[in-house]
Amino acid sequence: MSIGRLLEASAALSRDAHRTAAQLASLWVYNPLDYAWVPHAVYIKKYGAGTKHVLFIGMNPGPWGMAQTGIPFGEIHAVRTWMGIEEPVGKPVQEHPKKIVEGFACKKSEVSGKRLWGLVSRKYPDSCDFFARHFVVNYCPLLFLDEQGRNVTPDKLPLSVRKGLELVCDAHLITVIKTTKPAFVIGIGGYAEKKLIQISGKLGSHITIGKILHPSPASPRANAGWNQEAETQLAAYGIW
């Protein structure tokens, strides 16, 4: 039952987020929940069943991760070899020449995803053991690129679009949390934690909200030793 609700919620998020972002004429918008729906759905069907002890929340897709595989922090090697997922991927409606979508044929590696799933897979060599008690989703399903092909994070979008998009993403996140019933909801980075705090009144007092350092290579702290800091933060919550 939970799988069906998660699939329905993802499909609604894809539709509503895409519609909300349609007015961003100055940006290239990729919706991997559309063109990479097949591997995304396999991820939910394979790993989304049942309640979870910990739900991790990312921000939005990276160009060499979820934008290629449809899976949060979806670094290709980790998705293919550790998760055991490899499915056909289509193309975004408009494709920036500097950020080509090749699906599982892409040779580039997303550093954030490599760090996150690398840490997880070392602690849980069998992916099923991790996903039995954990799950990972992104707050926003869309990748935004400027004319030069640079990432535009959701917090940098024009206010008129951002507010509408946040309403859509908040609704999806609340549905995922109520479906998976976690004890902990952990933002991967400050943006995700902020979004969780903003909706905390709708989640119930039994849920602990927290944060770990984002593994982005744009973060000097992450580059100085993300694995150790993330493990320390998780241990402080009593999660690992």
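The coordinates are above.
About the criteria used
- Residues numbered from 1 in each chain as written.
- Predicted model: local features only at pLDDT ≥ 70, side-chain atom pairs only at ≥ 80, totals over all residues.
- Heavy atoms only, no water.
- Pairing = 2+ DSSP bridges.
- Helix = DSSP H or I, 4+ residues; strand = E, 2+ residues; numbered from the N terminus.
- Axes fitted to C-alpha atoms, helices over the stretch in contact; angles between N-to-C directions.
- Contact = heavy atoms within 4.5 Å.
- Core = buried A, V, L, I, M, F, W, Y, C linked by side-chain atoms within 4.5 Å.
- Buried < 20%, exposed > 50% of the residue type's maximum accessible area, 1.4 Å probe, protein only.
- Parallel < 35°, antiparallel > 145°, perpendicular 65-115°, else oblique.
- Nonpolar A, V, L, I, M, F, W, Y, C, P; charged D, E, K, R; others polar.
- Salt bridge = Lys/Arg side-chain N within 4 Å of Asp/Glu carboxyl O.
- Left-handed = near helix turned anticlockwise from the far one by under 90°.
- Polar contact = N/O pair within 3.5 Å; in protein donor to acceptor, adjacent residues only side chain to side chain.
- Phe/Tyr/Trp six-rings, centres within 6.5 Å; stacked < 30°, edge-to-face > 60°.

Novice: I would appreciate a short explanation of the sheet that holds strand E5 (residues 184-188) in the present structure.
Specialist: Pairing between the strands of a sheet comes from backbone hydrogen bonds, and it takes one of two forms, parallel or antiparallel. In spatial order, the strands read E3-E2-E5-E6; together these 4 strands make up an open sheet with parallel pairing. One side of each edge strand has no neighbouring strand; the edge strands of this open sheet are strand E3 (134-138) and strand E6 (208-212). Taken over all neighbouring pairs, the strand axes of this sheet differ in orientation by 25 degrees on average, direction set aside. Relative to E6, E5 runs parallel, the two being bridged by 5 bridges. The partner of Ile-186 across the bridge, within E6, is Gly-210. Packing of helix H8 (residues 159-180) onto the sheet brings it into contact with strand E2 (54-58), E3 and E5, and relative to E2 it is tilted by some 165 degrees.

Novice: Just to check I follow, could you spell out the nonpolar core for this structure?
Specialist: For soluble globular proteins, the rule of thumb is that nonpolar side chains tend to be buried together. In this structure, Tyr-43, Met-83, Trp-117, Phe-130 and Phe-144 are the most contacted members of the largest nonpolar core, which totals 72 residues. Top contributing element to this core by residue count: H8, with 8 residues. Apart from residues no more than four positions distant in its own chain, Tyr-43 is found in contact with Gly-48, Ile-71, Pro-72, Met-83, Ile-85, Phe-131, Phe-135 and Val-136.

Novice: Just checking my understanding: could you explain the packing of helix H1 (residues 2-21) against H8 for this structure?
Specialist: Between two packed helices, both the angle of their axes relative to each other and the distance between the axes serve to describe the pair. Two elements in contact, H1 and H8, have axes separated by 10 Å at closest approach and are oriented at 180 degrees. In this view, H1 runs roughly antiparallel relative to H8, as classed from their interaxial angle. Seen from H1, the contacting residues are Ser-2, Arg-5, Leu-6, Ala-9, Ser-10, Leu-13, Asp-16, Ala-17, Thr-20 and Ala-21; seen from H8, they are Val-161, Gly-164, Leu-165, Val-168, Cys-169, His-172, Thr-175, Val-176, Thr-179 and Thr-180. Per-class residue counts for the contact of H1 with H8 are 10 nonpolar, 8 polar and 2 charged.

Novice: Even after reading the chapter, I still don't get the pairing of E2, so can you show me in this structure?
Specialist: Side-chain direction in a regular strand flips from residue to residue, so the side chains alternate between the two faces of the sheet. Most of E2 sits out of view: 5 of its 5 residues are buried. Note that E2 and E3 share 5 bridges and pair parallel. Paired with Val-54 across the two strands is His-134, which belongs to E3. By the bridge criterion, 4 bridges tie E2 to E5 in an arrangement that is parallel. What sits directly across from Val-54, in E5, is Phe-184.

Novice: How should I be thinking about the pattern of salt bridges in this particular structure?
Specialist: Close approach of charged atoms allows side chains of opposite charge to pair. For the coordinates displayed, the defined rule picks out 10 salt bridges. For Asp-16, the salt bridge goes to Arg-19, with nearest N and O atoms at 3.3 Å. Highlighted residues: Asp-16 and Arg-19, both in helix H1, separated by 3 residues, approximately one helical turn. A relative accessible area of 22% means that Asp-16 is categorised as partly exposed. On the basis of relative accessibility, which here comes to 55%, the residue Arg-19 falls in the exposed class. Salt-bridge contacts for Glu-166 lead to Lys-195; the nearest nitrogen and oxygen are separated by 3.0 Å. With a gap of 29 residues between them, Glu-166 in helix H8 and Lys-195 in helix H9 (residues 190-198) connect regions that are remote in the sequence.

Novice: Could you clarify how one ought to interpret the packing of helix H6 (residues 111-123) against helix H11 (residues 226-237) in this entry?
Specialist: Closest axis-to-axis distance for the H6/H11 pair is 10 Å, and the angle between their directions is 60 degrees. At the point where H6 passes H11, the crossing takes the right-handed sense. Between H6 and H11, the contacting residues are Arg-115, Leu-116, Leu-119 and Arg-122 on the first element and Trp-226, Asn-227, Ala-230 and Glu-231 on the second. When the residues that make up the contact of H6 with H11 are grouped by side-chain class, the tally is 4 nonpolar, 1 polar and 3 charged.

Novice: Explanation requested: the side chain of Asn-138 in the structure shown.
Specialist: Mapped onto the secondary structure, Asn-138 falls in strand E3. The class of Asn-138 is buried, set by a relative accessible area of 7%. A distance of 3.4 Å separates a polar atom in the side chain of Asn-138 from the backbone nitrogen of Met-59.

Novice: What is the right way to look at the environment of Val-42 in this model?
Specialist: On the secondary structure map, Val-42 appears in helix H3 (residues 37-47). The spacing of Val-42 and Leu-173 is 131 residues in sequence and 19 Å in space, taken between C-alpha atoms. Apart from the residues within four sequence positions on either side, Val-42 is in contact with Ile-85 and Glu-87.

Novice: What exactly am I supposed to notice about the packing of aromatic side chains here?
Specialist: To describe a pair of aromatic rings, you give the distance between the ring centres and the angle between the ring planes. One pass over the full model with this rule turns up 15 aromatic pairs. Considering the side-chain rings of Tyr-43 and Phe-135, the 5.0 Å spacing of their centres and the 15 degrees angle between planes classify their relative orientation as stacked. Placement of Tyr-43 in helix H3 and of Phe-135 in strand E3 is noted, with a sequence separation of 92 residues between them. Where Trp-117 meets Phe-131, the ring centres are 5.9 Å apart and the plane angle is 40 degrees; that geometry is what we call tilted.

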